[in-house]
Amino acid sequence: MLLVSYDISNNKTRTLFSKFLSKFGHRLQYSLFEINNSKRILNLIQIEIKTKYVKRFEETDSIMIFQMSASCVITKYGYAKHQDEDLVLF
């Protein structure tokens, strides 16, 4: 799993980036996406960031990519703890 966190001050750039990330995963919080990891997807994301977004950055903008391993422990509270539960409809 990848976690992609971003802090982009320009509204247009931030919106474009969030739409781009939504192609690969889902939003956990406003500026945090969870993406199922594969080397191909990671490479696509990194290439897009380098070729399209870095040149638009202002001095305070940042993107961080966390590559999570199977041994990582994630503790969830509040609404987030229900995301992994199965939904059963009758």
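Data block above holds the structure.
All of the points below concern the structure found in this document. (Residues numbered from 1 in each chain as written. Predicted model: local features only at pLDDT ≥ 70, side-chain atom pairs only at ≥ 80, totals over all residues. Heavy atoms only, no water.)

Attention shifts here to helix α2 (residues 39–53). Its 15 residues place the ends of α2 20 Å apart at the C-alpha level, agreeing with the 21 Å of an ideal helix rising 1.5 Å per residue. Restricting attention to buried positions, one finds in α2 the residues Ile-41, Leu-42, Ile-45, Ile-49 and Tyr-53. Angularly, the buried residues of α2 cover 100 degrees about the axis, an arc narrow enough to put them on a single face. Among the exposed residues of α2, those pointing more than 90 degrees away from its buried face are Lys-39, Arg-40, Ile-47 and Lys-50. Taken together, the buried residues of α2 touch β1 (2–7), α1 (11–22), β3 (32–35) and β4 (62–67). (Helix = DSSP H or I, 4+ residues; strand = E, 2+ residues; numbered from the N terminus. Expected span 1.5 Å × (residues − 1). Buried < 20%, exposed > 50% of the residue type's maximum accessible area, 1.4 Å probe, protein only. Arc of directions from axis to C-beta. Contact = heavy atoms within 4.5 Å.)

Of all hydrophobic cores here, the largest spans 15 residues; its most connected members are Tyr-6, Phe-17, Leu-21, Ile-35, Ile-45 and Ile-63. Taken together, the elements giving at least two residues each to this core come down to β1, α1, β3 and α2. At five residues, the largest contribution of residues to this core is made by α2. For Tyr-6, the residues in contact, after removing those within four places along its chain, are Arg-14, Phe-17, Ser-18, Leu-21, Arg-27, Tyr-30, Ser-31, Leu-32, Phe-33, Ser-62 and Ile-63. (Core = buried A, V, L, I, M, F, W, Y, C linked by side-chain atoms within 4.5 Å.)

With antiparallel pairing, the four strands of this open sheet are ordered in space as β2-β3-β1-β4. Each having just a single partner strand, β2 (25–29) and β4 make up the two edges of the open sheet. Recorded for the sheet is a direction-independent mean angle of 25 degrees between the axes of neighbouring strands. Along the sheet face, α1 touches β1, β2, β3 and β4 and points at about 170 degrees away from the line of β1. Seen against the sheet, α2 touches β1, β3 and β4 and runs at an angle of roughly 170 degrees to β4. (Pairing = 2+ DSSP bridges. Axes fitted to C-alpha atoms, helices over the stretch in contact; angles between N-to-C directions.)

What follows concerns the pattern of salt bridges. Throughout the structure, instances matching the rule amount to one salt bridge. The partner of Glu-48 in a salt bridge is Lys-52, with the nearest N and O atoms 3.9 Å apart. Here the residue Glu-48 and the residue Lys-52 both occupy positions in helix α2, the gap between them amounting to four residues, near one helical turn. Overall, the relative accessible area of 28% leaves Lys-52 in the partly exposed class. (Salt bridge = Lys/Arg side-chain N within 4 Å of Asp/Glu carboxyl O.)

Read these as layout, nothing more, since geometry by itself doesn't imply function.
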